[in-house]
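Architecture at a glance
Residue-level listing of the chains:
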Amino acid sequence: MELLMDVVLDAAVDTLKLLPFLFLTYLAMEALEHHAGERSEEAVRKAGSLGPVVGAVLGVVPQCGFSAAASTLFAGRVITVGTLLAVFLSTSDEMLPILIAEQAPLSLIGQVLLIKVAVAIVVGFVVDALVRLAKRDGDGHIHIHELCEQEHCDCEDSVLVSAVKHTLQVTLFIFLVALVLGFVIEWVGPEALASFMSQNPALSVVAASLVGLIPNCAASVAITELYLEGALGFGAMMGGLLVSAGVGLLVLFRTNRPMGLNFAITGVLLAVGVAFGGLLTLVGLG
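Reading guide: rules and limits
For every chain, the first residue of its written sequence is number 1, and the numbers climb from 1 along that sequence. In view of the model being predicted, local features appear only for residues whose pLDDT reaches at least 70, and side-chain atom pairs are presented and counted only at 80 or more, with totals across whole chains, interfaces and linings using the full set of residues. Only hydrogens and water are set aside; all other atoms, that is, all heavy atoms of the structure, feed into the side-chain values. Secondary structure is summarised from DSSP: a helix means a run of H or I of at least four residues, a strand means a run of E of at least two, and numbering begins at the N terminus for each. Every helix has an expected span of 1.5 Å times one less than the residues it contains. For every residue, the accessible area (1.4 Å probe, protein chains only) is compared with the maximum for its type, and the residue is labelled buried under 20%, exposed over 50%, or partly exposed between those bounds. Remark: nonpolar core denotes a set of buried residues (Ala, Val, Leu, Ile, Met, Phe, Trp, Tyr, Cys) joined through side-chain atoms within 4.5 Å. In this description, contact between two residues means that some pair of their heavy atoms is separated by no more than 4.5 Å. Throughout this description, a polar contact denotes any pair of N or O atoms lying within 3.5 Å of each other; where both atoms belong to protein, one of them has to be capable of donating a hydrogen while the other can accept it, and for residues adjacent in sequence the pair is counted only when both atoms sit in side chains.

**Some words on helix α6 (residues 106-134)**
In a regular helix each residue adds 1.5 Å, so 29 residues correspond to 42 Å; α6 covers 42 Å between its end C-alpha atoms and thus fits that length. Just beyond α6, the residue with positive phi is Lys-135, at close to 55 degrees.

Here you go:
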């Protein structure tokens, strides 16, 4: 019982320390979203052949429902599959606010963001080129629906209300992740856990990438927290964060047809996460 209380107390204290930083971060990001969200969507619509660049740059900025908006635009064939993948790969989801709240070094934050943007641009252009070669880039009819509200993103709330909601939601996820991690560490032992991860780097990359596919902000929360706690290497974290597209995948499967194309896009996303995370691990950054 004493061990249980210690783990719960430690998780609660660690989480509460982040609360003011998370709130201030989300307040700033919600203000940005409310003033620039529609312009971001319009920019990616008009990007044309430069879609992967625009999608990657805009996707890395945490915006309410941007990956969901990209999915609806793709479902209407307003943007290319390469642009969609660029948005998915660069989407920060909850990674950025957590790193800021945890006061991670600016060099680390910059490195993560630059890697996500660079990988997103390259993959986006390569995929679009392959699609053009295969002559499968059909025109389709534009049929756009605003699905952000359906995914409970609450983008129409005021800046303050949205910031409070996001802060409380993510704080709960952080507490639960910290709680589970605390029990695992106490049960297995920190040395044994670190040893397992270091001896099985490939497994950790695949596991993190699979977790990243979960269409919920809990995925990026868990991956980022596990890295900050030392339970995941940098390569595994990057693999998982590249795959973390927020609710974008969920909206894609709801709106886009044929369904086989959705599975193909998901497969490419997972392959990129595993491959790049594995590459970083092999070169000693994992």
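**Concerning unusual backbone geometry**
Residue Pro-258 is reached from Arg-257 by a cis peptide bond, and omega for that bond is 10 degrees. Tracing the backbone shows Pro-258 in the loop between α12 (248-255) and α13 (259-282). Unusually for a residue other than glycine, Arg-77 sits at a positive phi of about 60 degrees. Tracing the sequence through the fold places Arg-77 in the loop between α3 (66-75) and α4 (81-90). Judged by relative accessible area, Arg-77 falls into the partly exposed class, the value being 24%. Phi is positive for Gln-103, which is not a glycine, with a value near 55 degrees. Topologically, Gln-103 is positioned in the loop between α5 (95-101) and α6. On the basis of relative accessible area, Gln-103 is assigned to the exposed category, the value being 56%.

**A look at the nonpolar core**
In terms of nonpolar packing, the biggest core is built from 49 residues, with Leu-84, Phe-88, Val-112, Phe-234, Ile-265 and Leu-269 touching the most fellow members. Sort the elements by how many residues they give to this core and α6 lands first, with 11 residues. For Ile-265, the contacting residues outside a window of four places in its chain are Phe-74, Val-81, Leu-84, Leu-85, Phe-88 and Leu-252. Counting residues in each nonpolar core, the second largest holds 13 residues, with Ile-98, Ala-163, Val-170 and Ile-174 among its members.

**Comments concerning the side chain of Ser-90**
Here Ser-90 shows up in helix α4. A distance of 3.1 Å separates the side chain of Ser-90 from the backbone oxygen of Ala-86, its partner in a polar contact. Setting aside residues up to four positions removed in sequence, Ser-90 forms contacts with Gly-55, Ala-56, Gly-59, Val-60, Lys-116 and Ala-120.

**Points about the environment of Val-283**
Position of Val-283 among the secondary structure elements: in the segment after α13. Given the relative accessible area of 55%, Val-283 is considered exposed. C-alpha of Val-283 to C-alpha of Gly-235: the two residues are 48 residues apart in sequence and 9.3 Å apart in space.

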